[in-house]
Amino acid sequence: MKDFPMITISRQYGTGGHDIGEKLAELLELPFYDKDIISIASQDSRIAEQAFENAEQTATTSLGYLLSNRSNRSVYGMPLNDQLFMIQSGVIRSVADRGPAVFVGRCADYVLDGYKECINIFIQASLPARIENVTKRDKLSPKEAESRIKRLDKARATYYNYYTDRKWSDMENYDIALSVSHLTTQEAAELLATFIRQVVEKTGAMNSSEEG
């Protein structure tokens, strides 16, 4: 296994963050996890995958999410969405224990903070670029694409802010923020791979110097 830290990717909707993460994992020769985390969590808990997906995608406002969470309790008395988050977090840590990997979404940067060394990435792009991407990918009108982007960005931010002590869009939470408005998937992945290798080389050299 390559001597890399965990790589976590948060992304605005319509930036192609999944594809960039997958290509980055390929370049670094690391395992890649996105919705695989949901599949594993579903198998372990015997809770439908759709429940895990809905927990993030249906969030609208922090207050609305809080009220919904309180009224929707699992058989164990804990709010269902809280239980789903804990199960998913346990899977992420379990996977991380096997060695370096690339994680997309799932609040992995927060879940692994203080648990494993991480490089946290935020992928963003201009709204017009994202509308164009979603229009082509999902075969939507520009108006429909814009509506979906705004709804899912808001849902991701609400979910992240609710379960962490951080703000999803706060760049201080990340080691690098990359705008991919004018980059291909390959170009974005190569830039990130170069950055990660340089960080690893520099910190590795610093650690060796400190030990000597």
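An account of the accompanying structure is given in this report. Throughout, residues of each chain are indexed from 1 in the direction in which the sequence is written. Predicted model: local features are reported for residues with pLDDT of at least 70 only, side-chain atom pairs are reported and counted for 80 or more only, and whole-chain, interface and lining totals are derived from all residues. For the side-chain quantities, the full set of heavy atoms in the structure was used; hydrogens and water were omitted.

### Structural notes on the pairing of strand β1 (residues 6-11)
Condition: Under the scheme applied here, a residue whose accessible area is under 20% of the maximum for its type counts as buried, over 50% as exposed, and between as partly exposed, the area being computed with a 1.4 Å probe on protein chains only. Only DSSP runs of H or I reaching four residues or more are called helices, and only runs of E reaching two or more are called strands; each is numbered from the N terminus. A pair of strands is considered paired only if DSSP assigns at least 2 bridges between the two.
For β1, a buried count of six out of six residues is recorded, marking the element as mostly surrounded by other parts of the structure. Here β1 shows two buried faces, one formed by M6, T8 and S10 and the other by I7, I9 and R11. In the sheet, β1 pairs with strand β4 (residues 118-124) via six bridges, with the strands oriented parallel. Its bridge partner being in β4, S10 is matched across the sheet by F122. Across three bridges, β1 lies against strand β3 (residues 102-104) in parallel orientation. Considered in β3, the bridge of I7 is made with V102.

### A closer look at the environment of I87
Basically, it comes down to this: Residue contacts follow a heavy-atom distance rule, with two residues in contact if any of their heavy atoms lie within 4.5 Å.
Among the secondary structure elements, I87 is positioned in helix α5 (residues 80-96). As a C-alpha pair, I87 and A41 span 46 residues in sequence and 6.2 Å in three-dimensional space. Apart from the residues within four sequence positions on either side, I87 is in contact with A41, S45, I47 and F52.

### Notes on empty space enclosed by the protein
Put simply, the rule reads: Computed over the protein atoms alone on a 1 Å grid, cavities are sets of points where a 1.4 Å probe fits but cannot get out and pockets are open sets with protein on both sides within 12 Å along at least five of seven lines; a residue lines them when it has an atom within 4 Å of a point. Grid points are joined across faces, edges and corners, and a volume is the space filled by probe spheres set on the points. The residue classification treats Ala, Val, Leu, Ile, Met, Phe, Trp, Tyr, Cys and Pro as nonpolar and Asp, Glu, Lys and Arg as charged. All others, Gly included, are polar.
The full count for this structure, using the stated rule, is one cavity of 30 Å³ or more. For the largest cavity, the calculated volume is near 110 Å³. Along the walls of the largest cavity sit S10, R11, E56, G105, R106, C107, A108, D109, R156, Y159, Y160 and W168, which together make up its complete lining. Broken down by element, the residue count for the lining of the largest cavity peaks at three residues, all from helix α8 (residues 142-163). Looking at side-chain class alone, the lining of the largest cavity contains five nonpolar, two polar and five charged residues.

### Looking at the side chain of R106
Selection criterion: Polar contact is the term for a pair of N or O atoms within 3.5 Å; when the atoms are in protein, one must be able to donate a hydrogen and the other to accept it, and sequence-neighboring residues count only if both atoms are side-chain atoms.
The topology assignment puts R106 in the loop between β3 and α6 (108-111). Among the polar contacts listed, one links the side chain of R106 to the side chain of D34, at a separation of 2.8 Å. If near-sequence neighbours (up to four positions away) are discounted, R106 is found in contact with D34, K35, I37, I38, E56, Q88, I92 and V111.

### Topic: the sheet that holds strand β2 (residues 32-33)
With parallel pairing, five strands are arranged side by side in an open sheet as β2-β3-β1-β4-β5. Edge positions in the sheet fall to β2 and β5 (176-179), since each has one partner strand and no second. One ladder, built from four bridges, connects β4 with β5; its direction is parallel. Residue pairing across strands places I121 opposite I176, the latter belonging to β5.

### A short note on the pattern of salt bridges
Heads up, the rule is: A carboxyl oxygen of Asp or Glu within 4 Å of a side-chain nitrogen of Lys or Arg is what we treat as a salt bridge.
Evaluated as defined, the whole model comprises 11 salt bridges. Linking R137 and D138 is a salt bridge whose minimum nitrogen-to-oxygen distance equals 3.1 Å. Several salt bridges share partner residues, and in doing so they unite D109, D113, D165 and R166 into one network.

### Some details on the layout of surface pockets
What the largest pocket holds in volume is close to 450 Å³. Lining the largest pocket are 21 residues; nearest its centre among them are R11, Y13, H18, R137 and R156. For the lining of the largest pocket, the secondary structure elements donating two or more residues are α1 (17-28), α3 (49-57), α7 (127-138) and α8. One number sums up the size of the second largest pocket: a volume of about 210 Å³. What lines the second largest pocket is a set of 12 residues, among which D3, P5, E117, V200 and T203 lie closest to the centre. Sorting the residues of the lining of the second largest pocket by element identifies β4 and α9 (185-211) as the ones contributing at least two each. No other element matches α9, which puts five residues into the lining of the second largest pocket.

### Notes on α1
Residues spaced three or four apart along an α-helix point in a common direction, a consequence of the helix completing one turn every 3.6 residues. Inclusion rule: The length a helix should cover is 1.5 Å for every residue beyond the first. This arc describes the spread of directions from the helix axis toward the C-beta atoms.
Look at α1: 16 Å from first C-alpha to last across 12 residues, which is about the 16 Å you get at 1.5 Å a residue. Listed in full, the buried residues belonging to α1 are G17, I20, G21, L24, A25 and L28. Viewed along the axis of α1, the buried residues span an arc of 135 degrees, placing them on a single side of the element. One or two residues past the end of α1 sits E29, with phi positive at roughly 60 degrees.

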